[in-house]
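# Examining the three-dimensional arrangement
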Amino acid sequence: MTDSANNTLAYLNGVWKPLSECVVPINTHALQYGTGCFEGIRGYWDGQRVNLLFLREHFQRLARNASLLLMQAPSVDEMCAIATEAVRTNAPKGNIYLRPVVYKKGTTLGPVLANVPDGYMCYLQMLDSYFTGERGLNVCVSSWRRLSDNSIPTRTKATGGYLNSALAKSEALLNGYDEAIFLNDRGQVCEGSAENIFLLRDGALHTPDRTADILEGITRHGIFELAKELGIAVIERPVARTELYIADEVFLVGTGCQVTYVRSIDKRVIGDGNRGPLTARLQQAYEDAVYGRNPAYRGWLTPV
Ligand code: PMP
């Protein structure tokens, strides 16, 4: 399997085909109106096999989100089976990223969810780092506000909602930053364009709660487990913007970015600008878990 991966076998509505041959009509609802929801799932190569991380948890979230958006996903078991089949048939020998999508495949005119037929796709690509390099991130608070739960619920991971992420991330990159941090419509800290955020203050971790218009990240939940084992309290609560600037450590978590430390926010250096000691411990614990080196976290992994 090559990195360009156009000839990897992908699944589209019941048929396995080379990725480059998986095409949809230009009047597809999801393309016109952003009516889809998706997941991103990592698989880690341990030298012998790919271990899919939080496989079932991702598909449970996808099924719940699809239902919220009046879409019908295949069953969780079926989606898990398609994902493992994609890995088995393509036999990658490295770290991968799986992208399953439930989407409105109808071609009728008009933005509506009810009574429009649903489609399902799943494909994979090779993926190592999401951010380049091991250095920390220089981030900015975005001038774009996060979508609110009463407009496009961020927790649904809706395809159309990622225009909001794309605007913030593009602004950040064009201004020379690595990533953007959103505030929500109440002006509170929300999340990155594709990551949840944690701050270390007074010896405890703080992260925006689940009503703060965040995606309820699966990695975020994993960090709760790791922090508990390290004896670090995690407090879910509204976080003010200026708390970011005075935090002892700040890091982003997500399937893509894993655990990545923040070096500066709006040009204010966090700590001494190096990776903080707690971030380092969590990063190590996360890496040990996802590569199957810690038996206590084998339950996170599905070997293929
Ligand atoms: N927030 C957003 C907006 C995201 O797109 C992602 C990536 N899925 C995350 C947070 C992190 O979520 P997870 O840990 O489930 O990948």
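So, here's what we can say about the structure.

Rules used in this analysis
- Residues numbered from 1 in each chain as written.
- Predicted model: local features only at pLDDT ≥ 70, side-chain atom pairs only at ≥ 80, totals over all residues.
- Heavy atoms only, no water.
- Axes fitted to C-alpha atoms, helices over the stretch in contact; angles between N-to-C directions.
- Helix = DSSP H or I, 4+ residues; strand = E, 2+ residues; numbered from the N terminus.
- Parallel < 35°, antiparallel > 145°, perpendicular 65-115°, else oblique.
- Contact = heavy atoms within 4.5 Å.
- Nonpolar A, V, L, I, M, F, W, Y, C, P; charged D, E, K, R; others polar.
- Near = heavy atom within 4 Å.
- Polar contact = N/O pair within 3.5 Å; in protein donor to acceptor, adjacent residues only side chain to side chain.
- Areas by Shrake-Rupley, 256 points an atom, 1.4 Å probe, with all protein chains shown as cover.
- Salt bridge = Lys/Arg side-chain N within 4 Å of Asp/Glu carboxyl O.
- Buried < 20%, exposed > 50% of the residue type's maximum accessible area, 1.4 Å probe, protein only.
- Expected span 1.5 Å × (residues − 1).
- Phe/Tyr/Trp six-rings, centres within 6.5 Å; stacked < 30°, edge-to-face > 60°.

Another point: the packing of helix α5 (residues 218-229) against helix α7 (residues 277-290). In helix packing, the relevant descriptors are the interaxial angle and the interaxial distance, both defined with respect to the helix axes. Where α5 contacts α7, the axes come no closer than 10 Å and their chain directions differ by 110 degrees. Taken together, α5 and α7 sit at an angle that is classed as roughly perpendicular. Residue-level contacts link T219, L226 and A227 of α5 to L282, A285 and Y286 of α7. Considered class by class, the residues forming the contact of α5 with α7 number five nonpolar, one polar and no charged.

Taken together, 15 residues form the shell around the ligand, and within it Y162, E191, I218, T219 and T255 come nearest. At a separation of 2.9 Å, an oxygen atom of the ligand approaches a polar side-chain atom of R61. At 2.5 Å from an oxygen atom of the ligand is found a side-chain nitrogen or oxygen belonging to T255. Contact with the protein chains hides 97% of the accessible area of the ligand, taken as 390 Å² for the molecule alone. Residues belonging to the shell around the ligand are distributed by class as follows: four nonpolar, six polar and five charged.

Per the stated rule, a full pass over the model turns up 19 salt bridges. Between R155 and D149 there is a salt bridge whose closest N-O contact spans 3.7 Å. With a closest N to O distance of 2.5 Å, E216 and R155 form a salt bridge. Linking E216 in the loop between β12 (204-207) and α5 with R155 in the loop between β8 (137-145) and α4 (162-174), this pair joins segments that are 61 residues apart in sequence. Taking the relative accessible area as the measure of exposure, E216 reaches 27% and is therefore partly exposed. A relative accessible area of 22% places R155 in the partly exposed class. Through salt bridges with shared partners, one network takes in D149, R155, R210 and E216.

With twelve residues, α5 extends 17 Å between its outermost C-alpha atoms, agreeing within 8% with the 16 Å of an ideal straight helix rising 1.5 Å per residue. Residues of α5 that are buried: I218, T219, R220, G222, I223, F224, L226 and A227.

So, about the packing of aromatic side chains. One pass over the structure, following the stated rule, counts ten aromatic pairs. For the pair F198 and F251, a centre-to-centre distance of 5.3 Å together with 10 degrees between the ring planes defines the contact as stacked. With F198 in strand β11 (residues 196-201) and F251 in strand β14 (residues 249-254), this pair connects stretches of sequence that are 53 residues apart. You can call F198 buried: its relative accessible area is 0%. Given a relative accessible area of 0%, F251 falls into the buried group.

Take it as geometry only, folks, not as evidence of what the structure does.
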